[in-house]
Amino acid sequence: MATMKAQLLFFVSMLCIIGGGIVEGFTNHPLNSPCRQTTKLEGVFDAFQKAFSNEEYGAPAEAVKATARHILVPTLEQAEEVLGEISKGERSFAALASEYSTCPSSSRGGSLGSFQPGTMVAEFDQVVFSPETKAGEVKGPVKTQFGYHLIVVDKRSGGGDWY
């Protein structure tokens, strides 16, 4: 804050020099520095400081993000087959992703890492960022231009309390 005030003072001082040394709200400094602020100017600095500090609103909210895994298959029948395997509970989602998924993420157990809304195709985003989708549950099959996805949201952050 102090540096912003100093920068603004420097800027206004330069205006004083360019403008001939005396501008309304300023007086010449007795030690020949360009200008000295008066009490009127304090209000200007306070207004700038308040405008740029955003103290009334606090820190900006963390960006909305999700961490998810998926299994991508070309047909609805394959998606239903994999869903059946998941429901048996004999193998992990990661193991099934490694075996069945056609996505390069299959080598990471289907993990897509963290991403923000708009990163994935719309149909995928609608499921991942929906308040109805709970972390850890398998959603799908979800049809996209790439095929059929079975999706697990591991974590979401940001966006308030609606998760």
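Heads up: the structure comes first, above all this text.
Fair warning: this is a prediction, and the values are worked out from it, not measured in the lab. (Residues numbered from 1 in each chain as written. Predicted model: local features only at pLDDT ≥ 70, side-chain atom pairs only at ≥ 80, totals over all residues. Heavy atoms only, no water.)

**Student:** Any details on the overall build of the protein chain? Residues and values, ideally.
**Tutor:** When helices and strands are tallied, the protein chain shows five helices and six strands. Counted from the first residue to the last, the protein chain has its helices and strands arranged as α-β-β-α-β-α-α-β-α-β-β. The buried share of the protein chain, reckoned over its 163 residues, is 31%. In the form shown here, the protein chain has an accessible surface area of approximately 10200 Å², with 57% of it arising from carbon and sulfur atoms. (Helix = DSSP H or I, 4+ residues; strand = E, 2+ residues; numbered from the N terminus. Buried < 20%, exposed > 50% of the residue type's maximum accessible area, 1.4 Å probe, protein only. Areas by Shrake-Rupley, 256 points an atom, 1.4 Å probe, with all protein chains shown as cover.)

**Student:** Just give me the short version of helix α3 (residues 76-88), but keep the residues and values in it.
**Tutor:** Since the α-helix packs 3.6 residues into each turn, any two residues three or four apart lie on the same face. With 13 residues, α3 extends 19 Å from end C-alpha to end C-alpha; this agrees with the ideal 18 Å at 1.5 Å per step. The complete set of buried residues in α3 reads Ala 79, Val 82, Glu 85 and Ile 86. Considered in projection along α3, the buried side chains sweep an arc of 120 degrees and stay on one side of the axis. Among the exposed residues of α3, those pointing more than 90 degrees away from its buried face are Glu 77, Ser 87 and Lys 88. Each element contacted by the buried residues of α3 is listed here: β3 (65-73), α4 (93-100), β5 (138-144) and β6 (147-157). In the stretch just after α3, Gly 89 is the one whose phi turns positive, near 75 degrees. (Expected span 1.5 Å × (residues − 1). Arc of directions from axis to C-beta. Contact = heavy atoms within 4.5 Å.)

**Student:** Can you break down the pattern of salt bridges residue by residue, with the values?
**Tutor:** Under the definition given, this model contains three salt bridges. For the salt bridge of Asp 154 with Arg 69, the shortest nitrogen-to-oxygen distance reads 3.0 Å. With a gap of 85 residues between them, Asp 154 in strand β6 and Arg 69 in strand β3 connect regions that are remote in the sequence. Glu 99 is paired through a salt bridge with Arg 91; the nearest N and O atoms lie 2.4 Å apart. Assessed through its relative accessible area of 35%, Arg 91 is described here as partly exposed. (Salt bridge = Lys/Arg side-chain N within 4 Å of Asp/Glu carboxyl O.)

**Student:** Explain α4 to me, and be specific about the residues and the numbers.
**Tutor:** All of the buried residues along α4 are Phe 93, Leu 96 and Ala 97. Buried positions in α4, seen along its axis, are confined to an arc of 105 degrees and lie on one side of it. Residues of α4 that are buried sit in contact with β3, α3, β5 and β6.

**Student:** Give a detailed account of the environment of Glu 77, specifying residues and quantitative values.
**Tutor:** Along the chain, Glu 77 falls in helix α3. Counting along the chain gives 71 residues from Glu 77 to Tyr 148, while the straight-line C-alpha distance between them is 9.4 Å.

**Student:** An account of unusual backbone geometry is needed here, citing residue identities and associated values.
**Tutor:** Residues other than glycine predominantly adopt negative phi, and peptide bonds predominantly adopt the trans conformation. With an omega of 10 degrees, the peptide bond running from Gly 140 to Pro 141 counts as cis. Relative to the assigned elements, Pro 141 resides in strand β5.

On their own, these measurements won't tell you what the molecule is for.
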